[in-house]
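Working through the structure, step by step
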Amino acid sequence: MQTINRFLYGPTPEEKVRQWQLNLRTEARHLDREMKQLDLATKQARQAVKQHAARGDVKSARILAREVVRSDKQKDRLSVSKARLNSIGTQLTQQMAMVKVTGSLQKSTEIMKLSNSLIKLPQISQTMREMSMEMTKAGIMEEMLEDTLEMDEDEELVDEADAEVDKVLAELTDGKLGLAGSVGALPSLQDEEDETERTMEQYREQLNGLLSG
């Protein structure tokens, strides 16, 4: 009988909620893996900042410090997104309890708000779009306007404040770089410019691949 009902009427509300929660846990694990990769790449970049600063290569040290700032911001963004995924999961658990009382899923502005914010994250955008459409059909969410689905690029990940880069430089070089008037204190080594550029490109590709999702 249950199989016949599923064929005629589709999944039950409880089955829908369980599938959504499974999707949320899967995406949370994906974010965990990406944050670990960011940690590793950032650790390597921080070490490289120290090495270039010790060799007097201020330009390269500053480029890498900027990448460190970007990756730190991206990790924060991913961490917040994971927390939002968990919040949706909690809200769905409450929905499951309500189904036992009312027999149907209830509209939730909180789930809608959290889903709208997560759709803008490239790493989980497709999953959240699909889930949002399913939740809309199930009556949990209202149909979203197109402008809420537009994925605006996060300006903070593109144009970092120089003050933040200076702070990282000062931290990683024990104050030798990054302080006012000290950036030009160490001359760049011209004879190592080609090797440095190759190294910079490798770090940029590694970090940019993670930052772009």
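Because the structure is a prediction, the values reported are computed rather than measured.

Turning our eyes to something else, we now look at the pattern of salt bridges. According to the stated counting rule, one finds nine salt bridges in the structure shown. Ionic pairing is found between E171 and R46, a salt bridge with its closest N-O pair at 3.4 Å. Remark: R46 occurs in helix α2 (residues 13-54) and E171 occurs in helix α7 (residues 162-172); sequence separation between them is 125 residues. Where K107 meets E142, a salt bridge forms, and the shortest distance between an N and an O atom there is 3.6 Å. Here the residue K107 occupies a position in the loop between α3 (58-102) and α4 (109-119), and E142 occupies one in the loop between α5 (125-138) and α6 (146-149), the gap between them amounting to 35 residues. A relative accessible area of 53% places K107 in the exposed class. Through salt bridges with shared partners, a single network forms among R46, D72 and E171.

Our focus in this paragraph is α3. Taking 1.5 Å per residue as the helical rise, α3 with its 45 residues ought to reach 66 Å, and the 65 Å between its terminal C-alpha atoms agrees with that figure. Of the residues flanking the end of α3, it is G103, one or two places downstream, whose phi is positive at about 85°.

Counting 27 residues, the largest nonpolar core has W20, L85, I88, L92, M128, M135 and I140 as its most contacted members. Those elements that provide at least two residues to this core are α2, α3, α4 and α5. For this core, the element with the most residues is α2, which contributes seven residues. If we skip the residues at most four places from it in the chain, M135 touches W20, I88, L92, I111, I140 and M141.

For the rest of this paragraph, the subject is the side chain of E27. Tracing the chain through its elements places E27 in helix α2. Although E27 lies buried, it forms no salt bridge, and the closest oppositely charged side chain, R33, sits 8.0 Å away as judged by the N-O distance. If near-sequence neighbours (up to four positions away) are discounted, E27 is found in contact with L85, Q123, I124 and T127.

A separate point is a positive patch on the surface. Together, R25, R29, R33 and K36 make up a positively charged patch on the protein surface. With respect to the helices, strands and loops of the structure, R29 is situated in helix α2. Of the residues examined, R29 reaches a relative accessible area of 44% and is grouped as partly exposed.

Right, let's talk about the packing of α2 against α5 for a bit. Describing two packed helices takes the angle between their axes plus the distance from one axis to the other. One can describe the packing of α2 onto α5 by two numbers: an axis separation of 11 Å at closest approach and a directional angle of 160°. Accordingly, the angle class assigned to the pair α2 and α5 is roughly antiparallel. Crossing hand, α2 versus α5: left-handed. Counting all contacts with α2, which are made through K16, W20, N23, L24 and E27, the residues of α5 involved are T127, M128, M131, E134, M135 and A138. Here the contact of α2 with α5 is composed, by residue class, of six nonpolar, two polar and three charged.

Within the chain, residue pLDDT values average 78, and 70% of them lie at 70 or more. Contacts of residues 145-154 to residues separated by more than four positions or lying in other chains number 13 contacts, the stretch itself having pLDDT below 50. Contacts for the low-pLDDT stretch residues 180-193, under 50 throughout, to residues beyond four places or in other chains number 18 contacts.

Those residues of α7 that sit buried are V165, V168, L169, A170 and L172. Considering only its buried residues, α7 is in contact with α2 and α3. Just downstream of α7, D174 is the residue with a positive phi angle, here 55°.

Moving on: the environment of K50. Relative to the helices and strands, K50 is located in helix α2. Relative accessible area serves as the criterion here: at 39%, K50 is assigned to the partly exposed category. A sequence separation of 14 residues divides K50 from L64, and the C-alpha atoms of the two residues are 9.9 Å apart.

The rules behind these values
Residues numbered from 1 in each chain as written. Predicted model: local features only at pLDDT ≥ 70, side-chain atom pairs only at ≥ 80, totals over all residues. Heavy atoms only, no water. Salt bridge = Lys/Arg side-chain N within 4 Å of Asp/Glu carboxyl O. Helix = DSSP H or I, 4+ residues; strand = E, 2+ residues; numbered from the N terminus. Buried < 20%, exposed > 50% of the residue type's maximum accessible area, 1.4 Å probe, protein only. Expected span 1.5 Å × (residues − 1). Core = buried A, V, L, I, M, F, W, Y, C linked by side-chain atoms within 4.5 Å. Contact = heavy atoms within 4.5 Å. Lys, Arg positive; Asp, Glu negative; His and termini not counted. Patch = residues over 30% accessible without salt bridge, like charges linked within 9 Å, V, L, I, M, F, W, Y side chains within 5 Å. Areas by Shrake-Rupley, 256 points an atom, 1.4 Å probe, with all protein chains shown as cover. Charge placed at Lys NZ, Arg CZ, Asp CG, Glu CD. Axes fitted to C-alpha atoms, helices over the stretch in contact; angles between N-to-C directions. Parallel < 35°, antiparallel > 145°, perpendicular 65-115°, else oblique. Left-handed = near helix turned anticlockwise from the far one by under 90°. Nonpolar A, V, L, I, M, F, W, Y, C, P; charged D, E, K, R; others polar. pLDDT = per-residue confidence, 0-100.

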